[in-house]
Amino acid sequence: MANTLLTTSIIAAEAIDVLNNNLVTAGLVYRAYEDEYDKRVNGYKPGSTITIRKPAQFTVRSGAAASSQDVTEGTTTLVVNNQRGVDFEFTSTELTLSIGELSERVIKPAMIRLANEVDSSIQALYKNVWNWVGTPGQTVNSYSDFTVGPQRLDEMAVPTDERCSTLAPADWWAMSSSLANLTAQSTTAETALRKARLGMLGNVDTYMTQNVQTHTVGLKGGTPLVNGAAQQTTYAASKDTNTQSLITDGWTNSVVALEAGDVFTIAGVYAVNPVTKAVLPYLQQFVNTAQATANGSGQVTLTISPAMILSGAYQNISAAPADNAALTVLGTASTGYVQNMVFHKNAFALAMVPMEAPQGAVNVSRKSMNGLNVRVVPFYDGANDISKWRLDILYGVKAINPAYAVRMSGTA
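Remember, it's a predicted structure, so these values are computed and weren't measured experimentally. (Residues numbered from 1 in each chain as written. Predicted model: local features only at pLDDT ≥ 70, side-chain atom pairs only at ≥ 80, totals over all residues. Heavy atoms only, no water.)

As a further point, take the confidence of the model for the protein chain. Put simply, the protein chain has an average pLDDT of 85, and 81% of its residues get 70 or more. In the predicted structure, residues 1-5 sits below a pLDDT of 50 and forms nine contacts with residues beyond four places in sequence or in another chain. Counting interchain partners and residues more than four positions distant, the pLDDT-below-50 stretch residues 183-189 has eight contacts. (pLDDT = per-residue confidence, 0-100. Contact = heavy atoms within 4.5 Å.)

Set out below in structure tokens:
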């Protein structure tokens, strides 16, 4: 193939193709919210927002007499606020290449890096997930280890279709011998998603990705206790954020008690099946949503999720926490733990939108494929005869239904 003077359109088309072929987690989450954005002619800047309605829940009456109940829908928002890009430059001579040469040398490594940024952003949503099964620090190294994840999804009445799991490389290789016959065959022509696929395990489509995150537990010093009884809330008060404040004491004075993403239980507060309202045989888990530092008296008000709801259609706890009920934080202080996850597709969402063409810029090219969007903008350094290029993507991620996901460690 003869060399061709490469244009922004050719480079953008190659870039979007490479990006599409190198995403893993992005292919496992909900994508339809991209359709909620108006098809602007000039694209989007960071900060564009859509509002998402949460599904309503109901109680069941007994007998023939009607018992009307209010339909209360919560909402959440998804903001496209992650702008990522790679910049590079060429001399005029270097631009006279085949697209194959340029793709191998520049575009492919650049887009693989961006694909990993997108996947990592989705994996980082683990901090919104409160269910964590297994023993922190233990490797998932057997099928029985793996099944505790989908079991928790079953106990929480999560739909059994479109379930996925992402495992860190160490966890996959630790259990590879027993799963050798289940792995999917791949070829060099397949996408990263296909290559990462391990097969169906317990009705869960399972993948390996290097972008699984590691969570480091806070200092959690002292003997933390609930400070004050009856701290539950209502769905009406928490429907949009699914968070609430929890007043606690007993922490070591003036230290970072918990980090965002730390998971804990409260003595006497058991989980409830969201459909049947049956009390489950394990304590309800909660996630701390923001770094929390104890004051000089060892007191701290945590912001936690899920909000504690004691009755009605959205009940999720067996009893309100008692005054001085003990908090137990999972994991060892200041220790990092791999955050494998098993989740339903609707637990997380990704929206990638076309960026605006900047005023004054010429030869801007924007390409779309399978809901992905890439923008290429050239600019020229005439003094040195160098063509500079910026390649950008704009996207947002959101844990739209964290109850549909579970963090997963091995069992001791």
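Counting 43 residues, the largest nonpolar core has Leu19, Met111, Val118, Ile122, Phe343, Phe348 and Val374 as its most contacted members. For this core, the secondary structure elements donating two or more residues are helix H1 (8-21), strand S4 (82-91), helix H2 (99-123), strand S20 (340-344), strand S21 (348-353), strand S23 (372-381) and strand S24 (386-399). With eight residues, H2 is the largest single contributor of residues to this core. In this view, Ile122 contacts Thr25, Ala26, Val29, Phe348, Leu350 and Val397; residues no more than four positions away in its chain are not counted. Counting residues in hydrophobic clusters, the runner-up holds 26 residues, among them Trp132, Val287, Ile304 and Ala325. (Core = buried A, V, L, I, M, F, W, Y, C linked by side-chain atoms within 4.5 Å. Buried < 20%, exposed > 50% of the residue type's maximum accessible area, 1.4 Å probe, protein only. Helix = DSSP H or I, 4+ residues; strand = E, 2+ residues; numbered from the N terminus.)

Next up on the list: the side chain of His215. Within the secondary structure layout, His215 lies in strand S10 (residues 214-216). Overall, the relative accessible area of 2% leaves His215 in the buried class. For His215, the side chain forms a polar contact with the side chain of Asp262, separated by 2.6 Å. Setting aside chain neighbours within four positions, we find His215 in contact with Tyr126, Ala260, Gly261, Asp262, Thr335, Gly336, Tyr337, Gln339 and Arg407. (Polar contact = N/O pair within 3.5 Å; in protein donor to acceptor, adjacent residues only side chain to side chain.)

To continue, consider the sheet that holds strand S12 (residues 244-251). Spatial ordering of the open sheet is given by S11-S12-S17-S15-S14-S18, a layout of six strands whose pairing is antiparallel. The open sheet has two free edges, formed respectively by strand S11 (222-226) and strand S18 (327-329), since each of these has just one partner strand. Ignoring strand direction, the axes of neighbouring strands in this sheet form an average angle of 50 degrees. Bridging between strand S14 (residues 263-272) and S18 involves three bridges; their strand directions are antiparallel. (Pairing = 2+ DSSP bridges. Axes fitted to C-alpha atoms, helices over the stretch in contact; angles between N-to-C directions.)

A full pass over the atoms with the stated rule returns five aromatic pairs. Considering the side-chain rings of Trp132 and Tyr337, the 6.2 Å spacing of their centres and the 70 degrees angle between planes classify their relative orientation as edge-to-face. One end of the pair, Trp132, is in strand S6 (residues 132-133); the other, Tyr337, is in strand S19 (residues 336-338), and 205 residues separate them in sequence. By relative accessible area, Tyr337 is classed as buried at 7%. Plain terms: the ring middles of Tyr235 and Tyr314 are 3.5 Å apart, the flat faces sit at 0 degrees to each other, and that makes the pair stacked. Linking Tyr235 in helix H6 (residues 235-238) with Tyr314 in the loop between strand S17 (300-305) and S18, this pair joins segments that are 79 residues apart in sequence. Residues Tyr235 and Tyr314 agree in their burial class; the two are buried. Lying over the aromatic face of Tyr282, Arg152 brings its terminal NZ or CZ to 3.7 Å of the ring centre. (Phe/Tyr/Trp six-rings, centres within 6.5 Å; stacked < 30°, edge-to-face > 60°. Lys NZ or Arg CZ within 6 Å of the ring centre and 35° of its normal.)

Next up on the list: helix H3 (residues 143-155). Taking 1.5 Å per residue as the helical rise, H3 with its 13 residues ought to reach 18 Å, and the 19 Å between its terminal C-alpha atoms agrees with that figure. Among all positions of H3, only Asp145, Phe146, Gly149, Pro150, Arg152 and Leu153 are buried. Phi turns positive, to about 60 degrees, at Ala157, one or two residues after H3. (Expected span 1.5 Å × (residues − 1).)

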